[in-house]
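Spelled out, the chains give:
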Amino acid sequence: MPADLHYLSLDEVARRLKARKLSSVEATRAILDRIAKLDPKLKSYATLTPERALSDAAARDAEIAAGKSRGPLQGVPIAVKDLCNTAGIPTAAGMAIHRTHVPAKDATVVARLKAAGAVILGKLQMTEGAFGAHHPTIPAPINPWNAAYWTGSSSSGSGAATASGLCFASLGSDTGGSIRFPSAMNGLSGLKPTWGRVSRAGVFPLAESLDHIGPMTRSALDCAIVLGVIAGADADDPTAVPRPVPDYAAATAGGVTGKRIGVPKGLRDLDEDSGRALDGAVDALKKAGGELVEVDLPSSFEQGARDWLLICAVECAIAHEATYPARATDYGSVLAALIDSGRKLSAMELARLQLSRANLSGELDKLLASLDLLLMPVMGRAVWSLDALAKTGRDPDSVAARLRYTAPFDLSGHPTLTLPGGMTGEGMPTGFQIVGRAFDEAGILAAGHVYQQQTDWHLKRPPL
């Protein structure tokens with residue numbers, strides 16, 4: 001068994017399991033041992049289920065030995081964000097009031113992972129209700145690259161665990177940037193699919209019309225493998241679109257030759273590290289045969305993050321109607337403030353926001369119709385120290401500034417792939433986004449894969 005088993009790609013682990021060069025029990029035990037060693041410090045897991053994981057791993061080994069194939073996740077140890085319901089296992093969604101909540105039924109994404117043979121190690125820690133801060137009574141996960149830096153929210157545990165080799169892949173959710181921020185801050189490849197591509201049934205909502213569920217992994221190919229399992233229509237979620245699910249893993253071989261790739265002009269407040277990551281992507285994709293063209297972002301793009309905050313607040317208030325304000329004292333101040341602001345919004349104000357949202361979505365559709373892909377930064381400031389984050393505060397202007405390049409694509413629902421694109425002078429990873437047309441996850445994954453064939457940023461590992 002290789003000494004660096006924990007850092008093998010999901011694809012490599014799956015191939016070794018299929019060839020019986022590695023057993024699922026060996027892989028699972030190795031990851032559980034690593035969790036026991038590192039996670040007391042990193043705090044990435046909310047709930048660990050070692051006995052169940054080892055039992056499931058043994059069952060997967062027996063199936064493989066008998067020639068029964070479930071697909072590329074068979075026997076692979078992974079973990080899921082703690083807002084995905086898991087039958088018989090607590091699902092708290094980062095909330096103190098839900099610590100004892102034990103669902104009777106798996107979320108659709110969890111059921112699909114299990115049906116594909118994945119071994120679920122446990123539930124990953126997250127911010128309260130999937131918004132911007134951890135509940136005061138719940139320790140926040142630590143960034144494995146440097147404890148003085150932000151881990152990203154809200155999929156903080158997914159980011160820390162996947163980057164640290166405490167699972168081979170994880171599920172995260174993204175409402176305003178919560179797959180993309182922790183992917184960028186932890187050096188991961190994270191996919192926010194098109195809204196409606198992946199079922200949200202059994203997933204605790206932050207804001208239902210903005211919530212996206214997607215994979216967080218260490219490569220674009222691994223994202224493609226996981227997406228192929230969790231995507232598709234679902235009788236339990238009428239918003240899950242009944243489109244065929246492509247072979248995303250095979251599609252990663254498609255490359256970018258001849259594709260028009262947009263590079264926005266006049267990006268605001270972009271620091272040198274974010275700029276270098278974007279420039280590196282331009283160079284690599286141009287070398288791979290892409291046609292890079294400068295484009296203007298829609299005039300409504302800048303307003304997107306401000307609109308997002310208010311729409312998110314209203315939908316969050318709906319999601320918490322059963323417990324807030326009745327149990328307001330059990331809430332942290334950040335989530336409570338969001339809900340309060342949503343409860344105060346008038347119908348007229350909400351209607352204006354929805355019209356503005358429709359306009360932004362239409363303008364982004366128009367821009368992407370002239371392109372195949374669009375390159376974007378994840379954040380204007382490539383990385384955030386905890387001190388810098390605290391100093392900026394949580395007022396609407398500061399929040400909107402951080403969400404400038406992420407929230408508009410939650411409003412519009414377009415798919416984006418975040419990839420590692422460099423390192424800062426302080427040794428922190430930086431990232432960038434590849435945005436695609438609605439339901440063209442195959443295109444952005446192919447671009448991500450060809451980029452990672454030319455670069456090695458995704459192979460960098462934290463100094464644990």
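Residues numbered from 1 in each chain as written. Predicted model: local features only at pLDDT ≥ 70, side-chain atom pairs only at ≥ 80, totals over all residues. Heavy atoms only, no water.

A. Quick look at the overall build of the protein chain. On a plain count of helices and strands, the protein chain comes out with 16 helices and eleven strands. With the principal axes as the frame, the protein chain shows a C-alpha extent of 60 × 60 × 45 Å. Burial statistics for the protein chain: of 464 residues in total, 61% are counted as buried. Taking the contacts inside the protein chain whose residues are at least 6 apart along the sequence as the reference set, 78% of them involve residues at least 24 apart. Entry remark: accessible area of the protein chain is about 17,100 Å², with carbon and sulfur atoms responsible for 53%. With 48 positive and 48 negative side-chain charges, the protein chain shows a separation of 3 Å between the mean positions of the two kinds. (Helix = DSSP H or I, 4+ residues; strand = E, 2+ residues; numbered from the N terminus. Buried < 20%, exposed > 50% of the residue type's maximum accessible area, 1.4 Å probe, protein only. Contact = heavy atoms within 4.5 Å. Areas by Shrake-Rupley, 256 points an atom, 1.4 Å probe, with all protein chains shown as cover. Lys, Arg positive; Asp, Glu negative; His and termini not counted. Charge placed at Lys NZ, Arg CZ, Asp CG, Glu CD.)

B. The side chain of Asp273, seen in detail. Among the secondary structure elements, Asp273 is positioned in helix 9 (residues 272–287). Those residues within four positions of Asp273 in sequence are excluded, and the remaining contacts are Ala382, Met423, Thr424 and Thr430.

C. Seen up close, the sheet that holds strand 8 (residues 291–295). The mixed open sheet is built from eleven strands, whose spatial order is 1-3-2-4-6-5-10-11-9-7-8. This sheet does not close on itself; its edge strands, each paired only once, are strand 1 (45–48) and strand 8. Strand after strand, the sheet turns through a mean of 30° between neighbouring axes, direction not considered. (Pairing = 2+ DSSP bridges. Axes fitted to C-alpha atoms, helices over the stretch in contact; angles between N-to-C directions.)

D. Representation of the environment of Gly255. Within the secondary structure layout, Gly255 lies in the loop between helix 8 (248–251) and strand 7 (260–264). The spacing of Gly255 and Leu445 is 190 residues in sequence and 9.0 Å in space, taken between C-alpha atoms. The contact partners of Gly255, leaving out residues within four places of it in the chain, are Ala446 and Val450.

E. Representation of the packing of aromatic side chains. Per the stated rule, a full pass over the model turns up four aromatic pairs. When the centroid spacing of 5.6 Å and the interplanar angle of 45° are considered together, the rings of Trp150 and Phe181 count as tilted. Linking Trp150 in the loop between strand 3 (119–124) and helix 5 (156–163) with Phe181 in helix 6 (residues 180–186), this pair joins segments that are 31 residues apart in sequence. Neither residue differs from the other here; Trp150 and Phe181 are each classed as buried. Arg243 extends its terminal NZ or CZ atom over the ring of Phe439, reaching a point 4.2 Å from the ring centre. Of note, Arg402 hangs over the ring of Trp384, and the distance from its end group to the ring centre comes to 5.8 Å. (Phe/Tyr/Trp six-rings, centres within 6.5 Å; stacked < 30°, edge-to-face > 60°. Lys NZ or Arg CZ within 6 Å of the ring centre and 35° of its normal.)

F. Here's a closer look at the pattern of salt bridges. Scanning the model with the defined rule gives 24 salt bridges in all. Taking the shortest distance from any N to any O, the salt bridge between Asp106 and Lys114 comes out at 2.9 Å. The buried category is assigned to Asp106, whose relative accessible area is 17%. Residue Lys114 is classed as partly exposed on the basis of its relative accessible area of 29%. Here Glu272 makes a salt bridge to Arg276, at a shortest N to O gap of 3.6 Å. A residue pair is termed a helical-turn pair when its members lie 3 or 4 positions apart in one helix, as Glu272 and Arg276 do in helix 9 at four residues. Judged by relative accessible area, Arg276 falls into the partly exposed class, the value being 47%. Three or more residues joined by partner-sharing salt bridges are found here, namely Asp11, Glu12, Arg15 and Arg16. (Salt bridge = Lys/Arg side-chain N within 4 Å of Asp/Glu carboxyl O.)

G. How the structure looks around unusual backbone geometry. Here Ser153 and Ser154 are connected by a cis peptide whose omega angle stands at 0°. Mapped onto the secondary structure, Ser154 falls in the loop between strand 3 and helix 5.

H. Fine view of the nonpolar core. Among the nonpolar cores identified, the biggest contains 140 residues, and Val109, Leu113 and Leu375 are the most heavily contacted of them. Residue contributions to this core peak at ten residues, all from helix 10 (residues 301–319). Apart from residues no more than four positions distant in its own chain, Leu375 is found in contact with Ile261, Gly262, Val263, Pro264, Leu278, Ala281, Val282, Leu285, Leu292, Phe432, Gln433 and Ile434. (Core = buried A, V, L, I, M, F, W, Y, C linked by side-chain atoms within 4.5 Å.)

These results come straight from atomic positions and should not be treated as a statement about function.
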